[in-house]
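# What the coordinates show
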Amino acid sequence: MSLYARILVPTDGSPEGERAVEHALRLAAIHDAEVHALYVINVSSYAGLPMESSWDGIDDLLKSDADAAVEEVQSIADGVGVDVPVETAVVEGSPSREIIDYAEGQGCDVIVMGTHGRGGIDRLLLGSVAEKVVRGSSIPVLTVRLGEAGDTAASNAAETAGVAGSTETPETADADANSADGTPESEASGSG
C-alpha cells in the first residue's frame, strides 16, 4: 500500500508556484497517487472595490484565471513527463480554510504547497496562508520554498538532486511532511 493516494496541491497559477506543483506531481508519480489541483478565489481581497466596478466582469476574470491555473497543473505534468491523474477544483472563500476543508473533504493524504519566504512586516501584514494551513490541518503539509530572486543555490541543488523546483527529493518528502519547522513564511500558492 502506498503512503499517499491523494495529493492536494493548491495553486495560484504563478510561475513561482510551478515549483510546488512539480514537486507534488513527482511525489504522486512515486506513490502512484492522484493529484488534486485547487485554486481558491479569495473574494474578500476584492471587497474594497468601489460599487461602480462591475462585479460580474471581475468575477468572470477571477474565474478565468482560476480555471487557467488549475488546467496548467495538467500541462506541467505533461511537460515533466509525469503521468498521474489530475483532478481540478475552483472554490471561493478564505484560502487557508478552503484548502483544509477541501483536503479533508476529498480524503487527501498530504497537502503540498509553496511558500514565498516572506518575513518581517510583509508576513505580519499579509499573514501566511501556508502557516495557517500547517497549524490548522489535521492532514500532513509539505511546504516547498518558492525561490526568491537570486535564489540560485536552491535551484542548483534541486537540479543536482533531479527534482525541478525543490531542494529535496520526493523520496525524502514524506519524512518532511508537516515539518515546516515553525517558519513557513508565505503568501502561499493557491490562495492568491
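Residues numbered from 1 in each chain as written. Predicted model: local features only at pLDDT ≥ 70, side-chain atom pairs only at ≥ 80, totals over all residues. Heavy atoms only, no water.

The next thing to look at is the overall build of the protein. When its secondary structure is counted, the protein shows seven helices and five strands. Relative to its full complement of 192 residues, the protein shows a buried share of 45%. Counting only carbon and sulfur atoms, one obtains 48% of the accessible surface of the protein, whose full area is about 9300 Å². (Helix = DSSP H or I, 4+ residues; strand = E, 2+ residues; numbered from the N terminus. Buried < 20%, exposed > 50% of the residue type's maximum accessible area, 1.4 Å probe, protein only. Areas by Shrake-Rupley, 256 points an atom, 1.4 Å probe, with all protein chains shown as cover.)

This part takes up the nonpolar core. It is characteristic of soluble globular proteins that their nonpolar side chains tend to be buried jointly. Grouped together as the largest cluster of nonpolar side chains are 30 residues, with contacts concentrated most on Ile-7, Leu-25, Val-35 and Val-112. Where this core is concerned, the elements lending two or more residues are strand E1 (6–10), helix H1 (18–31), strand E2 (34–41), helix H2 (55–79), strand E4 (110–115) and strand E5 (141–145). Per element, the largest residue contribution to this core is eight residues, and it comes from H2. Setting aside anything within four residues of it in sequence, one finds Ile-7 in contact with Ala-24, Leu-27, Ala-28, Ala-33, Glu-34, Val-35, His-36, Val-110 and Val-112. Residues Leu-38, Ala-89, Tyr-102 and Ala-130 belong to the second largest nonpolar core, which totals 17 residues. (Core = buried A, V, L, I, M, F, W, Y, C linked by side-chain atoms within 4.5 Å. Contact = heavy atoms within 4.5 Å.)

Quick look at the sheet that holds E2 now. The strand order E3-E2-E1-E4-E5 describes an open sheet built from five strands, whose pairing is parallel. In the strand order of this sheet, the two ends are held by strand E3 (86–92) and E5, each with one partner. Between one strand axis and the next, the sheet turns through 25 degrees on average, direction left out of account. Inspection of the sheet shows E1 paired to E2 by five bridges, in the parallel sense. Along E2, the bridge assignment pairs Val-9 with Ala-37. Each of E1, E2, E3, E4 and E5 touches H1; the most contacted strand, E4, lies at about 155 degrees to it. (Pairing = 2+ DSSP bridges. Axes fitted to C-alpha atoms, helices over the stretch in contact; angles between N-to-C directions.)

Taken as a whole, this structure holds one cavity of 30 Å³ or more when the rule is applied. For the largest cavity, the calculated volume is near 40 Å³. If you trace the largest cavity, you find it lined by Thr-11, Gly-13, Ser-14, Gly-17, Glu-18, Val-21, Ala-69, Glu-72, Val-73 and Ile-76. At the level of secondary structure, the elements contributing two or more residues to the lining of the largest cavity comprise H1 and H2. The element best represented in the lining of the largest cavity is H2, accounting for four residues. Of the residues belonging to the lining of the largest cavity, the class tally is four nonpolar, four polar and two charged. (1 Å grid on protein atoms, 1.4 Å probe; cavity = no way out; pocket = protein on both sides within 12 Å on 5 of 7 lines; lining within 4 Å. Points joined across faces, edges and corners; volume = space filled by probe spheres on them. Nonpolar A, V, L, I, M, F, W, Y, C, P; charged D, E, K, R; others polar.)

Attention now moves to the pattern of salt bridges. Scanning all chains against the criterion turns up four salt bridges. Taking the shortest distance from any N to any O, the salt bridge between Arg-97 and Asp-101 comes out at 3.1 Å. A residue pair is termed a helical-turn pair when its members lie 3 or 4 positions apart in one helix, as Arg-97 and Asp-101 do in helix H3 (residues 95–105) at four residues. Arg-97 sits in the partly exposed class, given a relative accessible area of 42%. Between Arg-135 and Glu-131 there is a salt bridge, and its shortest N-O distance comes to 2.8 Å. Within this pair, Arg-135 and its partner Glu-131 are both found in helix H5 (residues 129–136), separated by four residues, close to a single helical turn. (Salt bridge = Lys/Arg side-chain N within 4 Å of Asp/Glu carboxyl O.)

Relative to the helices and strands, Thr-11 is located in the loop between E1 and H1. Accessibility expressed as a relative area gives 4% for Thr-11, which makes it buried. At a separation of 3.2 Å, a polar atom in the side chain of Thr-11 contacts the main-chain amide nitrogen of Gly-13. (Polar contact = N/O pair within 3.5 Å; in protein donor to acceptor, adjacent residues only side chain to side chain.)

In this model, H1 (14 residues) spans 20 Å end to end at C-alpha, consistent with the 20 Å of a helix rising 1.5 Å per residue. Across the 14 residues that make up H1, a large majority, 10, are buried. Those residues of H1 not exposed but buried are Arg-19, Ala-20, Val-21, Glu-22, His-23, Ala-24, Leu-25, Leu-27, Ala-28 and His-31. A positive phi of about 50 degrees marks Asp-32, the residue just after H1. (Expected span 1.5 Å × (residues − 1).)

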